Amino acid sequence: MKTDILIIGAGLTGLTVGYTLARRGRQVTVLERMDVAGGQIQTHSEQGFVFESGPNTGTVSNPEVAELMADLEKTSGGKCRLETAPDASKRRLIWKGDRFHDLPSGPVSAVTTPLFTLADKFRILGEPWRKRGSDPDESVGSLARRRLGKSFVDYAVDPFLSGVYAGNPDTLITRYALPKLYRLEQDYGSFIRGSIAKMKEPKSDRDRLATKKVFSAVGGLGRITHAMADYLGEALLTGVQEARVHPAEGGWQVSYINKVGESQTIDCRQVVTTCGAYSLPELLPFVDAGTMRRLNNLNYAPVVEISVGVRDTLGGDYQAFGGLVPSCENQQVLGILYPSACFSGRALEGGALFSYFLGGVRHAELLKQSDDKLTALVEQYFHSMLKFPEQVKPDLIRIFRHQRAIPQYEISSGERFEAIGKLQRTYSGLTIAGNLRDGIGMAHRIKQAVDTANDIIHKA
């Protein structure tokens, strides 16, 4: 077999690379280990509830997201349509003591909130004049404590990073994990001054496509990956095992075993890998051991995601994005999202859908808990955090375990990025993509994929 561009991995990144290239008339083939495309993005429908077993939302934080969704609506015949969360779901909740509190959204709530100490509320007034940091490898926790104060780290930064990375603010390096935050201090000397300056920058019509709104697709995120898989058609090969990439004359040769157990090879000009760092040692056997150690130095946070549905909320107020739980509160849940408040059709009228997240780097042991114990935890927080009466039980509980859920952009990230760059310069036609670099969110994945496709086209 021959193809022009071979993409390994049919998660969001790989599918978007393949779809973008195919839309531009390039010949592509996409290989996927699983029997279905989508990677961690999988949407389920059961008993009137529509729920995700992976990511629940993305953010329209760059124009590429809006452009991809608009194009998918055309090519899917309307089966894949962008859905953004309503204003009512903008509320973010933080657990403190025995209940959730609204995260401040304005000056009045910032002054009156019980989340932060009075000293830190006054201290933040001096943030624009605080000294700029000099350590390029400063952690998010250290940076935030220095500029904002301990209570802001405990009840804003820590739960935010638990929600995004399921990680520890003191091991995540700011310039890798939150590069925009790092640049605000380095370029403007202050988060506040930098944010104001950014708001004043002129924006093009394309820039305005980045609305920063929380998004999904009507019917679930799976509609996005399904639409791209359908467009690729026979160019997408699933159930592929033991894929190996080898340099060859004039390009690359990829060997694998197909879903019926036959050995196959494909010759191609370009190879794009989008799989996890843990897959690279077997996938790229030609890479020397030293380089591979730097490529494969990535830790992953394990996560248990539990979908919980109720047919009747009994009048409870669940109009919010969801609630996050700071690690200092010593609970066994990272947070509870409210998908039915964000998107239509996730629960029957009068009901609600919740997504619990447990585990992370601090409680990896929860992945080994039995379904019965996890169900007991769910019901405990169903009453104590969501405030359902003791006699009420959830109507749906579905448990999903992810051993390698979220990459941790820690101190080793710099040498990984350097190793990727060196490898790509050494081997023409090889691209190492995926969430081992360039960010972990859906918008990051889409932008990286579009940039990768454009780069391949421009170099052709």
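Procedures and definitions
- Residues numbered from 1 in each chain as written.
- Predicted model: local features only at pLDDT ≥ 70, side-chain atom pairs only at ≥ 80, totals over all residues.
- Heavy atoms only, no water.
- Helix = DSSP H or I, 4+ residues; strand = E, 2+ residues; numbered from the N terminus.
- Buried < 20%, exposed > 50% of the residue type's maximum accessible area, 1.4 Å probe, protein only.
- Contact = heavy atoms within 4.5 Å.
- Polar contact = N/O pair within 3.5 Å; in protein donor to acceptor, adjacent residues only side chain to side chain.
- Phe/Tyr/Trp six-rings, centres within 6.5 Å; stacked < 30°, edge-to-face > 60°.
- Lys NZ or Arg CZ within 6 Å of the ring centre and 35° of its normal.
- Arc of directions from axis to C-beta.
- Pairing = 2+ DSSP bridges.
- 1 Å grid on protein atoms, 1.4 Å probe; cavity = no way out; pocket = protein on both sides within 12 Å on 5 of 7 lines; lining within 4 Å.
- Points joined across faces, edges and corners; volume = space filled by probe spheres on them.
- Disulfide = S-S within 2.5 Å.

Counting secondary structure elements, the protein contains 16 helices and 20 strands. Referenced to the eigenvectors of the C-alpha coordinate spread, the extents of the protein come out at roughly 65 × 55 × 45 Å. In the protein, which comprises 460 residues, the proportion classed as buried is 53%. Put simply, 70% of the contacts in the protein that link residues at least 6 apart link residues at least 24 apart.

With that settled, consider the environment of Arg175. Summarising the element assignment, Arg175 is placed in helix α7 (residues 174-177). Sequence separation between Arg175 and Ile432 is 257 residues, and the spatial gap between their C-alpha atoms is 20 Å. Arg175 has contacts with Pro136, Asp137 and Tyr182, leaving out every residue within four places of it along the chain. There is a polar contact of 2.9 Å between the side chain of Arg175 and the side chain of Asp137. Polar side-chain contacts of Arg175 include one of 2.8 Å to the side chain of Tyr176.

Our focus in this paragraph is the packing of aromatic side chains. One pass over the structure, following the stated rule, counts 17 aromatic pairs. Between Tyr409 and Phe417 the ring centres are 6.0 Å apart and the planes differ by 75 degrees, which places this aromatic pair in the edge-to-face class. Given a relative accessible area of 1%, Tyr409 falls into the buried group. Given a relative accessible area of 26%, Phe417 falls into the partly exposed group. Every member of this aromatic cluster is reached through a ring pair, and the members are Tyr318, Tyr338, Phe354, Phe382 and Phe388. Above the plane of the ring of Tyr155 lies Lys96, whose end atom (NZ or CZ) is 4.7 Å from the centre.

In an α-helix, one turn spans 3.6 residues; hence positions three or four apart end up facing the same way. Every buried residue of helix α5 (residues 140-147) is listed here: Val140, Gly141, Leu143, Ala144 and Arg147. Each buried residue of α5 lies within a common arc of 165 degrees when the element is viewed along its axis, so the set occupies one face. Of the surrounding secondary structure, the elements contacted by the buried residues of α5 are α4 (118-123), α6 (150-164), α7, α8 (179-188) and α9 (191-200).

This part covers the sheet that holds strand β9 (residues 214-217). As a general point, the strands of a sheet are linked pairwise by backbone hydrogen bonds and lie either parallel or antiparallel. The sheet built from three strands is open, its strands ordered β5-β9-β6 with antiparallel pairing. With partners counted over all chains shown, the strands left at the sheet margins are β5 (58-59) and β6 (82-84), one partner each. Examined bridge by bridge, β6 and β9 share three bridges and lie antiparallel to one another. If you follow Glu83 over to β9, its bridge partner there is Ser216.

Before going further, it helps to spend a moment on empty space enclosed by the protein. Here the structure, examined in full by the defined rule, presents one cavity of 30 Å³ or more. Considered as a void within the structure, the largest cavity measures approximately 70 Å³ in volume. Taken together, 13 residues make up the lining of the largest cavity; nearest its centre are Asn56, Thr57, Tyr338, Pro339 and Phe343. Those elements that place two or more of their residues in the lining of the largest cavity are β4 (49-52) and α13 (339-342).

Before going further, it helps to spend a moment on the pairing of strand β12 (residues 251-257). Looking at chain direction, strand β11 (residues 241-248) and β12 are connected through six bridges and run antiparallel. The residue bridging Gln241 from the neighbouring strand is Ile257, located in β12. The turn linking β11 back onto β12 is made up of two residues, and Gly250 within it adopts a positive phi angle of 80 degrees. As paired strands, β12 and strand β13 (residues 263-268) are joined by six bridges and run antiparallel to one another. Paired with Tyr256 across the two strands is Gln264, which belongs to β13. Turn length for the β12-β13 hairpin, with the two strands adjacent in sequence and antiparallel, is five residues, and the turn residue Gly261 shows positive phi of about 90 degrees.

Looking now at the state of the cysteines. Scanning the model with the defined rule gives zero disulfides in all. No disulfide involves Cys80; its nearest neighbouring cysteine sulfur is the one of Cys342, lying 18 Å away. Cys275 forms no disulfide, and the closest cysteine sulfur to it belongs to Cys268, at a distance of 14 Å. Residue classification places Cys275 among the buried positions, given a relative accessible area of 18%.

So yeah, pure geometry; function would need other evidence.
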